[in-house]
Amino acid sequence: MNSVTRRQLLKMLGVSAAGMMSLPVIARAQTASNFVNPLLIPPLDTGTFMQEEGGVPRRRFELNLQKGTSLFVPQGETATLGINGNYLGPTLRFKRGDILDIQVNNRIGEESVLHWHGLHVPQRFDGGPMQSIADQGSWNPVFDARQPAATLWYHSHAMHKTGPQVYHGLAGMMILDDDPSAALDLPSRYGIDDIPLILQDKRFKPDGQLDYMSRYGDMMIGQHGDIMMVNGTVSPFFEARTDKIRLRILNGSNARLFNVAFNDGREFLQIASDGGLLEKPVPLKRLMVTPGERVELLVDVSDGQTVILRSEPSENHFPVFQGAFSELMRAMHGESFDILEIRPQTNLERLPPVPAVLASLPAVSADMGMRTRRMRLNMGFGSRSGSGQGPGLGNRTGQGGGYGGGHFSINGRVMTMSYINERVKLGDTEIWEVLNDTPMVHPFHIHGSQFRVLDRNGVPPPAQQTGYKDTVHLHGRETVRLLVSFTEFADDMYTYMYHCHTLEHEDRGMMGQFLVTENG
Ligand SMILES: [Cu+2]
């Protein structure tokens, strides 16, 4: 599929072009007076700490998935989901070498599970759909934190229900510390100079309840909203007390892209990507963060000026389509809107200078790949679901496709629990060549590994993409080559997932599973 005709597109959307004008668009250009709510900082949870025999540190966490209500909009309380609270969950903080012992109790009224996104954990504790926890059930993964310091997160990964469950609040941040990163003297006081920012967009019904997947186009481009929130705070401001602040940004939205920047165009430093610190701080003015990705930024606010973190239109070109498809792409790429106002206080505390070197990462080259595995991301533009497996929410084979038809797949296969897509040999380092054979952005996530980007469309990646990553975005028609190692855990039965992190695409089949075994 190399092009989409207008007729195919309208069929796929099931609507007239005029209907596209009502696509969710984020309200633009809020004025400073709109930032009325202090930024909520998720509670920090370092677990119950104990020393095992031999001095091994163990942290016991208890996470209760529960129903709640939250006050986001003037219409009244919104029914939400949370972890140990009404919306989102605590930030779990622990250190490399710790054993994590996590009791997960599901009390949300339907099956769920938590996936430890970016953490290297054995397959059976990964929290993919294979570990589904029944309502009122519990699950107790135990594993050790064995990788470099990073900003990670946890979220629902329930089969076909990840989108709605994350949208309603089943997600939280994790901060992994280690000695080398602590020695750098980076801002690390949680909520003071080290700020978690979970970026999400929401849409509400007139009665104040969350509006999920009700509009044409929602399935196609994923659920977008018109109200921005950070850590569950609408119209947030943060009062900085230090001359620089570290922002741990997590794109926790279902589908929205953020091209983060500041309203005065100031430069910032990116210091980390998904899997941890970059080798050196990378000065930037804009940075694309797509669903599932994390970045850590250092922002200098020593001038004392109020500044607004915002999202700018994507610079990336995208294939030009006529009519309705252009409208859809504009919704994904073309908007600019405010996210958070930062208000430096008087007498800012001066922090140590930013180190010139942050980490030493092993050099990577394509020679290191023992084999190449190709992953082609597909979207169906027709009216059939293809494999007959069903694209997720019901079997749409032969149907017109409801909100937008089509299916989402990888290498032509729609995710199904009964099919192992790939088999990998323990200890192997592979090249995964991922081709986005669609016109829109997809963030590609691999469980159980932190990979490196070898190249993008044949060209070495820019500095901000040279660190460890677990989620990489591909613009329309792009190809990335990833160097992925599977050195730690083998399992003959339990798989890891790889998938698009636009949750509506994942839920509808743009996902596969792989086994890592001794014999491959
Ligand atoms: Cu996708």
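What comes next concerns the included structure. (Residues numbered from 1 in each chain as written. Predicted model: local features only at pLDDT ≥ 70, side-chain atom pairs only at ≥ 80, totals over all residues. Heavy atoms only, no water.)

Topic: the coordination of the copper ion
Each protein donor to the copper ion is listed here as His442 (ND1), Cys500 (SG) and His505 (ND1); together their distances run 2.0 to 2.1 Å. Mapped onto the sequence, the donors of the copper ion take the spacing H-x57-C-x4-H. By relative accessible area, which is 0% here, His505 ends up buried. (Donors = N, O, S within 2.8 Å, 3.2 Å for Na, K, Ca; no water. Buried < 20%, exposed > 50% of the residue type's maximum accessible area, 1.4 Å probe, protein only.)

Section: the sheet that holds strand β27 (residues 422–425)
Spatial ordering of the open sheet is given by β27-β34-β33-β29-β31, a layout of 5 strands whose pairing is mixed. Edge strands, defined here as strands with exactly one partner in the open sheet, are β27 and β31 (471–474). Averaged over all pairs of adjacent strands, the angle between their axes in this sheet comes to 25°, without regard to strand direction. Relative to strand β34 (residues 511–517), strand β33 (residues 496–500) runs antiparallel, the two sharing 4 bridges. Paired with Met497 across the two strands is Gln513, which belongs to β34. (Pairing = 2+ DSSP bridges. Helix = DSSP H or I, 4+ residues; strand = E, 2+ residues; numbered from the N terminus. Axes fitted to C-alpha atoms, helices over the stretch in contact; angles between N-to-C directions.)

Some words on the nonpolar core
Residues Trp432, Phe444, Ile446, Leu482 and Phe514 are the most contacted members of the largest nonpolar core, which totals 55 residues. By residue number, the principal contributor to this core is strand β32 (residues 479–486), which donates 4 residues. Discounting residues that sit within four places of it in the chain, Leu482 has contacts with Glu430, Ile431, Trp432, Val434, Phe444, Ile446, Phe451, Arg452, Val453, Leu454 and Val472. If you look at the next biggest cluster of nonpolar residues, it comprises 31 residues, including Ile195, Leu197, Leu247 and Leu278. (Core = buried A, V, L, I, M, F, W, Y, C linked by side-chain atoms within 4.5 Å. Contact = heavy atoms within 4.5 Å.)

A closer look at the side chain of Asp274
Summarising the element assignment, Asp274 is placed in the loop between β19 (268–273) and β20 (276–284). Separated by 2.8 Å, the side chain of Asp274 and the backbone nitrogen of Arg294 make a polar contact. Only 3.0 Å separates the side chain of Asp274 from the side chain of Lys469, close enough to count as a polar contact. Contact partners of Asp274, with chain neighbours within four places excluded, come to Ala150, Thr151, Leu152, Gly292, Glu293, Arg294, Gln450, Tyr468, Lys469, Asp470 and Thr471. (Polar contact = N/O pair within 3.5 Å; in protein donor to acceptor, adjacent residues only side chain to side chain.)

Examining the environment of His224
Relative to the assigned elements, His224 resides in the loop between α4 (218–221) and β14 (227–230). Among the polar contacts listed, one links the side chain of His224 to the backbone oxygen of Gly222, at a separation of 2.8 Å.

Section: the sheet that holds strand β23 (residues 307–311)
Pairing is mixed across the open sheet formed by 6 strands, whose spatial order is β1-β16-β24-β23-β18-β21. Among the strands making up the open sheet, the edge pair consists of β1 (37–38) and β21 (287–289). Judged from the 2 bridges that link them, β1 and strand β16 (residues 236–242) form a sheet pairing that is parallel. For Asn37, the partnering residue across the bridge sits in β16 and is Pro236.

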